[in-house]
Amino acid sequence: MKVGEAVMEVILVNGKMEVANRATKDVGNHVIGFSRPKTNESTKKIMTKRARRNPIEDEKVPDSPSSPSTSSEEHSDIASEEEQDEVVAYKEPSMYDNLLKTLGSASESIADAYKRRQRAEEGRSDTDEEDEEDDLDSLSGSEEDEDGTENGSPGALDLTDIQGSSLADIVEHSEDDDDDEASDMDGEEEEFEENGQSIAKEAEISSSFSGHLDYKLQKDEVENLSSKKGKYKWKVDAANCKWVATRELILEDSKMNSPYGLNLKLYDHWLDSYKASGGHDLHSSRQRSFFSLCNSYRDILHHNKKPFYLKSREEDSSIMDAYLLHSLNHVFKTRDLVTKNDKKLATRKEANREEILDSENFLDQGFTRPKVLILLPMASIAYRVIKRLIQLTPSGHKASVNVEHIDRFSDGFGPGRSNEQPDEDGISKPLKTSKPLDFEALFGGNNNDHFMIGIKFTKKTVKLYSDFYTSDMIVASPLGLITKIGEAEVEKEKDVDYLSSIEVLIVDHADVIAMQNWSHVNTVVEQLNRIPSKQHGTDIMRIRPWYLDGQARFYRQTIILGSHVNPDINALFNNHCLNYEGRVKLSFEHKGVLPKVLLQVRQIYERIDTESIVDADDARLDYFKKKVFPKIKDSVQGGIMIFISSYFEFVRVRNFLKSQDASMCLLGEYEKQSDISRSRVWFFQGKRKIMLYTERSHFYHRYKIRGIQNLIIYSLPERKEFYPEAWSSNYNFSLYYMGIVNMLEGSHSMNCTVLFSRFDLLRLERVVGTVSAKRMVTSDKRIFTFC
C-alpha cells in the first residue's frame, strides 16, 4: 500500500462508531495500517479511566483533512451495549511518527519524550502513568502476540516533545557559524507577546512565502495534481505581455506599496541599486513586474525572453534581477523563520518546551538546507548570474557584502584570458572576429558546461564553494548535476540528498541547454524532492509535514526561462511542474522572421500529413525518399545543402544517402575538425554534391558555407535567428550571411524547399508568424510559397 491509499479508522464514542478515511503511509518496507484492539476486562478498565480523564461529548468527530468522515448515525447499530460508556480512540501513526521511531529506539531521552507526548495527547498527566501500567501488566501475552503490538495498534513514535539534551543530539550546528547564522533582518521583531506569538506574526502569515509553505493540501487536491490536469483558462495582463494560467492569478503585490513582500533590508538594497543604475519608477519597472509574478509562487514558463547576447541586455538583466531577488527573499525568509524559532526555543523554560514543540509554528524546515537550485548552461553565464547575485545581497554593516573565495570563483568561472579585457559579464572582447556578435557574446567567455557551486548566506558573508549540505543555493549545469547523480548511483557512500528540499528551481537560458542535452534536465528534475537516504543533521521534529508525506514536489516552484519553447521544454513543464499554486506561461503571438531574409529567395513550404506524432519522423523520411530525393539524385550541378535540426534525423538521412551511394559530405556536431574543413572545401569545389548540416553544428561553430545552389530544410531550426541571419563585421563594412537561407547568396536558382508537419507548429510560427503558421497546418492546400 502506498502513500495516499485510504483505510478506515473506527472510533468508538459513547457506543457510536465514527469512521474517517485516513491516509496510510508507506515507510521503507513497512506499511502502517489499522488494527482494532481486542477488548477484555483489563482494557475496559483502562478505557474507562481514559474516558474519565478526557471526557468526550456525544458529538461528531471532526472530519479528516483528506476526506469527509462518515456520519456516526450510520453506524450506531453496530456498537454493542457493553461499549456505551467506553471510548476507543486509535490515532493512525503518520510517516512522521515512523520516521522518528528509528531514533527513538536508540535514545532513552527520545523514548521518554515520546511517552510524554502520548500522555499529553490522551489528556493524561505524568501521575496517571503508574495506574495505567498496573492495568497493562494484566494483558495476556497471547493477545499481544496475536495483534503484533501492544494494545493491537502499530508501534509508532511521535517525537514532537524532545528535551533540549536530545535535541542537541539530532541537530548538527557549525560552531563557527552560530553568530553568523543569527539574522539581523527585522531584528525589532524578536520580541514576543505573552501568548508566544511574534509581534509581526500577522504580517508574516499574510506574506506569499508563509501562505505558500503553510498551506495544507487535501486528498482530492493531491489526486488532481498527480493526474497532471490543468487548462489555461485565466489571462493576466502584465508589462508588455500577457500570461495564461491554470488558476486565477491576481498579482496582489503589484497593487501594494513597498516592499512587495520582500525582506525589508533586501528591499532597501534593491531600491538603492535600482536608483544607482539610473532607474526612476521601480513600481512600474519590468523587473518589479516579473518579481511579482515570481512572488506568486506559481510555476512559470517564459519562452520569449530576449537573451543578453542578442542585444537585449536590459530586458535579460531585469528578469534575472527579478528571479535572483525572489530567490534571495525565499532564502532570507527561510533563515529568519528558523532563527526566530531557535531563539524562541532557547528562551523558553523547560516546562514550556513540550507545549512549544507541539505547535505547528515550529514546523519550518525540510530534510536538508538547500532551498534554491539554479540551472545554467555555461560557466560564463553562471559567472554573470552569481556576480549579480552578490551585488543584490544586502550587507550587514559594510558598504558591500563580504564574499569568501571570490578569487577562486573568478579563476574557475571567469574568462581566464590575461591578454584581453573582459566586460562586466566576464566576456572577453577580441579586436577582430569572423563570427557574429551574438556568437561572441555567448561563447566569448568560459564555455565550460560541467560545473556546480554551493552558496551560503550568513549575517556577515556570502560563502562561495560551501558544502552542498550547508548551502542555501546551488548553481549548477545539468551536466554537472548528472555527474553527481551518476556517482551516487555507483558509490553507496555518496548521495545527492541535498536535492531533497529544493523549493525554488530556476532554469535560465533553457534554449541554450536544449542545444546541449535537455534529457539531463529531465533527469535532474526527477531527482528533486525525493525522500533522502540518510539523516543529514536534520531536526526531524521541525520538518514540514508535506515533506514527510512525499508531497514536496507539489510545493516546489519551477521557473523556466528561454528565448523559445520546444516540445521537450513543454513536456517538462506540463508533466513535472505540479505546483499546487498552478502554472503560468507566456501568451505570445510571433510575427515571424521572413522579412529579415535579405535575398530574393523563393521559399517553398511542403506539408507532410501525418496523424500521430509517433509516426511524424517516419513520415518525414518517407516523404524525403519519395518526393525530394528523386529530384536531386541525378543533379549535375550539385551544391545541395540539406539542413537538419536534430542529430537523430541527421543519422537517418545519412544512412539513407549512403544506401543510395550518394555523393555527400557531413557537417555534424560530432565530426572531427579536420573532416569538417575537408568537407567544406570538397563541397565548395563541387567534389561532393550533397552536404548534411545540423543545427547544433551551426550553433556551436556558425560556419559560413560557400557553394550552396539549392537549399533543402529537412526540419526547421529551433532558433528562428538561424533562418535569416546576416551581420556586419566589427572591423570592416562587409555584410556576412550566416543564416541558412541568406547563405544562398550567389546561387543561380535561389530556391529553398522546407518540409514541415502540423507537429512543427512551434518552430513554424517563429519563422512565418503565428497567423500564417496556423493557416498552413490546417489548410486543405499542402504547398505554400513565400518570396
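Residues numbered from 1 in each chain as written. Predicted model: local features only at pLDDT ≥ 70, side-chain atom pairs only at ≥ 80, totals over all residues. Heavy atoms only, no water.

Broken down by element type, the protein carries 27 helices and 25 strands. Expressed as a percentage of the 787 residues in the protein, the buried residues total 53%. As displayed, the protein offers around 36,800 Å² of accessible surface, 48% of which is attributable to carbon and sulfur atoms. (Helix = DSSP H or I, 4+ residues; strand = E, 2+ residues; numbered from the N terminus. Buried < 20%, exposed > 50% of the residue type's maximum accessible area, 1.4 Å probe, protein only. Areas by Shrake-Rupley, 256 points an atom, 1.4 Å probe, with all protein chains shown as cover.)

Tallying each qualifying case throughout the model produces 30 aromatic pairs. Here Trp546 and Tyr547 contribute two aromatic rings whose centre-to-centre distance is 4.4 Å and whose plane-to-plane angle is 25°, an arrangement assigned as stacked. With 4.0 Å between their ring centres and 10° between their planes, Trp546 and Tyr555 make a pair best called stacked. The residues Trp546 and Tyr555 share a single accessibility class, namely buried. The structure contains a cluster of three or more aromatic residues connected by ring pairs, namely Tyr215, Phe367, Trp546, Tyr547, Tyr555 and Tyr580. Stacked on the ring of Phe684, the Lys or Arg Arg706 has its end atom at 4.3 Å from the ring centre. (Phe/Tyr/Trp six-rings, centres within 6.5 Å; stacked < 30°, edge-to-face > 60°. Lys NZ or Arg CZ within 6 Å of the ring centre and 35° of its normal.)

Position of Glu695 among the secondary structure elements: in helix 25 (residues 695-701). One buried charged side chain, Glu695, makes no salt bridge at all; its nearest oppositely charged neighbour is Arg763, positioned 5.6 Å away. Polar contacts involving the side chain of Glu695 include one to the main-chain amide nitrogen of Arg719, which spans 3.0 Å. Not counting residues within four places of it along the chain, the set of residues in contact with Glu695 comprises Met515, Phe643, Ile644, Ser645, Pro717, Glu718, Arg719 and Phe722. (Lys, Arg positive; Asp, Glu negative; His and termini not counted. Salt bridge = Lys/Arg side-chain N within 4 Å of Asp/Glu carboxyl O. Polar contact = N/O pair within 3.5 Å; in protein donor to acceptor, adjacent residues only side chain to side chain. Contact = heavy atoms within 4.5 Å.)

Before going further, it helps to examine the pattern of salt bridges. One pass over the full model with this rule turns up 24 salt bridges. Put simply, Asp364 and Arg542 hold a salt bridge, and the shortest N to O gap is 2.7 Å. Placement of Asp364 in the loop between helix 14 (350-357) and strand 9 (372-375) and of Arg542 in the loop between helix 19 (510-527) and helix 20 (545-548) is noted, with a sequence separation of 178 residues between them. Overall, the relative accessible area of 3% leaves Arg542 in the buried class.

Right, let's get into the environment of Tyr267. Here Tyr267 lies in helix 11 (residues 264-276). Looking at Tyr267, the relative accessible area reads 10%, which means it is buried. For the pair Tyr267 and Leu325, spaced 58 residues apart in sequence, the C-alpha separation works out to 8.8 Å.

Take the pairing of strand 11 (residues 452-457) next. Counting buried positions along strand 11 gives 6 out of 6 residues, so the element sits mostly inside the fold. Side chains Met452, Gly454 and Lys456 project from strand 11 onto one buried face, and the interleaved Ile453, Ile455 and Phe457 project onto a second face that is buried too. Inspection of the sheet shows strand 11 paired to strand 13 (residues 473-476) by 4 bridges, in the antiparallel sense. Its bridge partner being in strand 13, Ile455 is matched across the sheet by Met473. In this sheet, strand 12 (residues 461-464) lies alongside strand 11 in antiparallel orientation, the contact comprising 3 bridges. Paired with Phe457 across the two strands is Val462, which belongs to strand 12. Between strand 11 and strand 12, which follow one another and run antiparallel, lie 3 residues. (Pairing = 2+ DSSP bridges.)

Where helix 19 meets helix 21 (residues 567-576), the closest approach of the two axes is 10 Å, and the angle between their N-to-C directions is 25°. Taken as axis vectors, helix 19 and helix 21 run roughly parallel relative to one another. For the crossing formed where helix 19 meets helix 21, the hand is left-handed. For the pair formed by helix 19 and helix 21, the contact residues are Ala510, Trp518, Val521, Asn522, Val525 and Glu526 on the first element and Asp568, Ile569, Leu572 and His576 on the second. Looking at the contact of helix 19 with helix 21 residue by residue, the classes come out as 6 nonpolar, 2 polar and 2 charged. (Axes fitted to C-alpha atoms, helices over the stretch in contact; angles between N-to-C directions. Parallel < 35°, antiparallel > 145°, perpendicular 65-115°, else oblique. Left-handed = near helix turned anticlockwise from the far one by under 90°. Nonpolar A, V, L, I, M, F, W, Y, C, P; charged D, E, K, R; others polar.)

The sheet built from 7 strands is open, its strands ordered 19-20-18-21-24-17-25 with mixed pairing. Two strands in the sheet have a free side with no partner beyond their single neighbour: strand 19 (664-667) and strand 25 (783-786). Each neighbouring strand pair of the sheet contributes to a mean axis angle of 20°, computed without reference to strand direction. Pairing geometry for strand 18 (residues 640-644) and strand 21 (residues 710-713), over 4 bridges, is parallel. By the bridge assignment, Phe643 is partnered in strand 21 with Ile713. Packed onto the sheet, helix 23 (residues 647-659) meets strand 18, strand 19 and strand 20 (690-694) and runs at close to 165° relative to strand 20. Packing of helix 24 (residues 673-685) onto the sheet brings it into contact with strand 18, strand 19 and strand 20, and relative to strand 19 it is tilted by some 135°.

Time to look at helix 22 (residues 616-632). Taking 1.5 Å of rise per residue, 17 residues should cover 24 Å, and helix 22 covers 23 Å from first to last C-alpha, within 8% of that figure. The axis of helix 22 is deflected most strongly, by about 40°, at Lys625. Where helix 22 is concerned, the buried positions are Ala616, Ala619, Arg620, Leu621, Tyr623, Phe624, Val628, Phe629 and Ile632. In the core, the buried residues of helix 22 are packed alongside strand 17 (602-607), strand 18, helix 23, strand 20, strand 21 and strand 24 (751-756). (Expected span 1.5 Å × (residues − 1). Bend = angle between axes of the 7 residues up to and from the residue.)

Next up on the list: the pairing of strand 14 (residues 504-507). Where burial is concerned, the two faces of strand 14 agree: the one with Val504 and Ile506 and the one with Leu505 and Val507 are both buried. Across 4 bridges, the pairing between strand 9 and strand 14 is parallel. By the bridge assignment, Val372 is partnered in strand 14 with Val504. Sheet analysis places strand 14 next to strand 15 (residues 557-561), joined by 4 bridges and oriented parallel. Bridged to Leu505 within strand 15 is Thr558.

Time to look at the confidence of the model for the protein. Averaged over all residues, the pLDDT of the protein is 76; the fraction at 70 or higher stands at 67%. Confidence over residues 1-91 falls short of pLDDT 50; this stretch has 166 contacts with residues more than four positions distant or in other chains. Considering only residues more than four positions removed or in separate chains, one finds that residues 182-205, a stretch of pLDDT under 50, has 40 contacts. (pLDDT = per-residue confidence, 0-100.)

A few words now on the packing of helix 26 (residues 761-768) against helix 27 (residues 770-778). Interaxial distance between helix 26 and helix 27 falls to 7 Å at its minimum, and their mutual angle equals 130°. It follows from the interaxial angle that helix 26 and helix 27 lie oblique. Here the hand of the crossing between helix 26 and helix 27 comes out right-handed. Touching Leu761, Leu764, Glu765 and Val768 of helix 26 are Thr770, Ser772, Ala773, Lys774, Met776 and Val777, all from helix 27.

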